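Observations on chain architecture
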Amino acid sequence: MGLPASSTRNSNDAQSDSAPYPQLLSRLDVGTLKLPNRAIMGAMHTGLERADRRLERIFAFYRARAIGEIGMIVTGGVAPNLEGRVEEHAPAMVGDCDPEWHRAIVESVRGTETKICLQILHTGRYAKFEGCVGPSALPTRINRYRPRALSTAEVWRTIDDYARTAAIARDLGYHAIEIMGSEGYLINQFTSLATNDRLDEFGGSLENRLRFPQEIMRAVRQRVGRDYPVMYRISALDLVAGGMTLDETLSLARLIEAEGADILNTGIGWHESTIPTIAHFVPRAAWGYATKALRKAVKLPLVTSNRINDPRVAEQLLSEGVADLVSMARPLLADPEFMKKARLDRGQSINTCIA
């Protein structure tokens, strides 16, 4: 089971009692992970690894959000092996794993209460290069490269790559890791019948299709130890034909909790879904119900996401018990000081993301 979560008051109790958004600004302790508030920055791919002065730029990017008082930052995805990269020049935890890059990221939050979390992302058949892989050799309409099906031995090696990457992240100084199991990436591709036609122990029945994320979570926990915080991002809604049903998603959530996850983050929709999930005409917090549905399956702290761009909306979601934390990505691009302004009751001065 995941470590129990407990809320504690801010260090300044009087300020906490009069806080404009008491739920959003309340602390959350999840095992050894101590968060100053209930907001996290979701992972975004910046492309800064290819820019000039890349170390200076990535440090400044995350530093601005840490000074802006976001509770935790989830980095852009880092692949556990070369096959898992978003594109050929994207970060992967192989070789010397570019320690200067990671050192700049870890140092960016030093001296603040903000925590830094490395996202481990294997893109599977979404990878934008020849030689991409997946559970099956089934292409996707959003990628011109056709995937090669992983052999059974390669699947087990990939599981170990996740665990190895998690251990490296811990040793590099990241406060936590997130296993990206949403948005149609490799883990989703294993769990869905639409993208998995395997005949081995990783295909066919629901038990077999869920084995890949279950074994990843188990291997990661064994490698990093019980006290290192692990967040798992689950696809609360696939929004694709042949995607997982609610009952199947709840089964996966229970498995992930049993294997030792500390926090369950929820994603909405695969990248190839034709249903809008973050566009401006999607109502704010429209997908909160999908996160709340997971409460019937697990006791882990839940994170809800998508179209949360106002502290009043975040406060309402938390107050109504939809989730324990809110995740915002593009709103932190629009205004790095989102949470600082919320704390100072300057919500009207937030540069609101218009999606």
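Quick note: structure is the one above.
So, a few notes on the structure that sits alongside this text. (Residues numbered from 1 in each chain as written. Predicted model: local features only at pLDDT ≥ 70, side-chain atom pairs only at ≥ 80, totals over all residues. Heavy atoms only, no water.)

1. Section: the packing of helix H4 (residues 152–172) against helix H7 (residues 211–224)
In plain terms, the rule: Axes here mean lines fitted to C-alpha atoms, for a helix over just the part in contact, with angles spanning 0 to 180 degrees between N-to-C directions. Strands here are runs of E lasting at least two residues and helices are runs of H or I lasting at least four, both read from the DSSP assignment and numbered beginning at the N terminus. Crossing handedness follows the turn of the near helix against the far one: under a right angle anticlockwise gives a left-handed crossing, and clockwise gives a right-handed one. Contacts are residue-level and defined by heavy atoms, with any inter-residue pair within 4.5 Å sufficient.
Viewed as axis vectors pointing N to C, H4 and H7 meet at an angle of 35 degrees, and their least axial separation amounts to 8 Å. The handedness of the crossing between H4 and H7 is right-handed. Contacts from Val-155, Trp-156, Thr-158, Ile-159, Asp-160, Tyr-162, Ala-163, Arg-164, Ala-166, Ala-167 and Arg-170 of H4 reach H7 at Phe-212, Glu-215, Ile-216, Ala-219, Val-220, Arg-223 and Val-224.

2. With respect to helix H10 (residues 311–319)
To be explicit about the condition: For the exposure calls, accessible area comes from a 1.4 Å probe over protein chains only, and a residue counts as buried if that area is under 20% of its type's maximum, exposed if over 50%, partly exposed in between. Throughout this description, a polar contact denotes any pair of N or O atoms lying within 3.5 Å of each other; where both atoms belong to protein, one of them has to be capable of donating a hydrogen while the other can accept it, and for residues adjacent in sequence the pair is counted only when both atoms sit in side chains.
Taken residue by residue, H10 has Pro-311, Val-313, Ala-314, Glu-315, Leu-317 and Leu-318 as its buried positions. Residues of H10 that are buried sit in contact with strand E12 (302–305), strand E13 (325–328) and helix H12 (338–343). Where H10 starts, the residue carrying a side-chain oxygen 2.7 Å from the main-chain nitrogen of Arg-312 turns out to be Asp-310. After H10 finishes, the residue Gly-321 shows a positive phi value of roughly 75 degrees.

3. Topic: the packing of aromatic side chains
Cut-off, in case you're wondering: Classification of ring pairs uses Phe, Tyr and Trp, with its six-membered ring standing for Trp, and accepts pairs whose centres are within 6.5 Å; under 30 degrees between planes counts as stacked, over 60 as edge-to-face, and the remaining range as tilted.
Inspection of every chain in the model, using the stated rule, returns seven aromatic pairs. Taken together, a centroid distance of 6.4 Å and an interplanar angle of 35 degrees make the contact between Trp-287 and Tyr-289 tilted. You can call Tyr-289 exposed: its relative accessible area is 51%. Following the ring pairs from residue to residue traces out a cluster consisting of Trp-156, Tyr-162, Phe-190, Phe-202 and Phe-212.

4. Some thoughts on the environment of Pro-91
Tracing the backbone shows Pro-91 in the loop between strand E5 (72–74) and helix H3 (99–107). For the pair Pro-91 and Gly-243, spaced 152 residues apart in the sequence, the C-alpha separation amounts to 29 Å. Setting aside residues no more than four positions away along its own chain, Pro-91 makes contact with Glu-49, Val-78, Ala-79 and Arg-85.

5. Describing the pairing of E12
What counts is decided by this rule: Strands are labelled as partners when DSSP assigns at least two bridges between them. Call a crossover right-handed when, viewed with both strands pointing away from you, the route from the first strand across the helix to the second goes clockwise.
Neither face of E12 is exposed, since Leu-302 and Thr-304 on one face and Val-303 and Ser-305 on the opposite face are all buried. Examined bridge by bridge, strand E11 (residues 263–268) and E12 share two bridges and lie parallel to one another. The residue bridging Asn-265 from the neighbouring strand is Val-303, located in E12. Relative to E13, E12 runs parallel, the two being bridged by three bridges. The residue bridging Val-303 from the neighbouring strand is Leu-325, located in E13. After leaving E12, the chain enters H10 and then returns to the sheet as E13, a path that is right-handed.

6. Description of the pattern of salt bridges
Put simply, the test is: Here a salt bridge means any side-chain nitrogen of Lys or Arg lying within 4 Å of a carboxyl oxygen belonging to Asp or Glu.
According to the stated counting rule, one finds 29 salt bridges in the structure shown. Close ionic contact of Asp-52 with Arg-57 constitutes a salt bridge, the shortest N to O distance being 3.0 Å. Between Arg-170 and Asp-171 there is a salt bridge, and its shortest N-O distance comes to 3.1 Å. Here Arg-170 falls in the partly exposed class, since its relative accessible area comes to 30%. You can call Asp-171 exposed: its relative accessible area is 59%. By sharing partners, the salt bridges in this structure join Asp-52, Arg-53, Glu-56 and Arg-57 into a single network.

7. Section: the packing of helix H2 (residues 54–67) against H3
Spelled out, the test is: Here is the rule for angles: anything less than 35 degrees is roughly parallel, anything more than 145 is roughly antiparallel, 65 through 115 is roughly perpendicular, and the remaining ranges are oblique. Residues were grouped as follows: Ala, Val, Leu, Ile, Met, Phe, Trp, Tyr, Cys and Pro as nonpolar; Asp, Glu, Lys and Arg as charged; and all remaining residues, including Gly, as polar.
Their axes nearest at 8 Å, the elements H2 and H3 cross at an angle of 25 degrees. Considering the angle they form, H2 stands roughly parallel to H3. H3 is crossed by H2, and the crossing has right-handed handedness. Only Glu-100, Trp-101, Ala-104, Ile-105 and Glu-107 of H3 make contact with H2, whose side of the interface consists of Arg-54, Leu-55, Ile-58, Phe-59, Tyr-62 and Arg-63. The class makeup of the residues in the contact of H2 with H3 is seven nonpolar, no polar and four charged.

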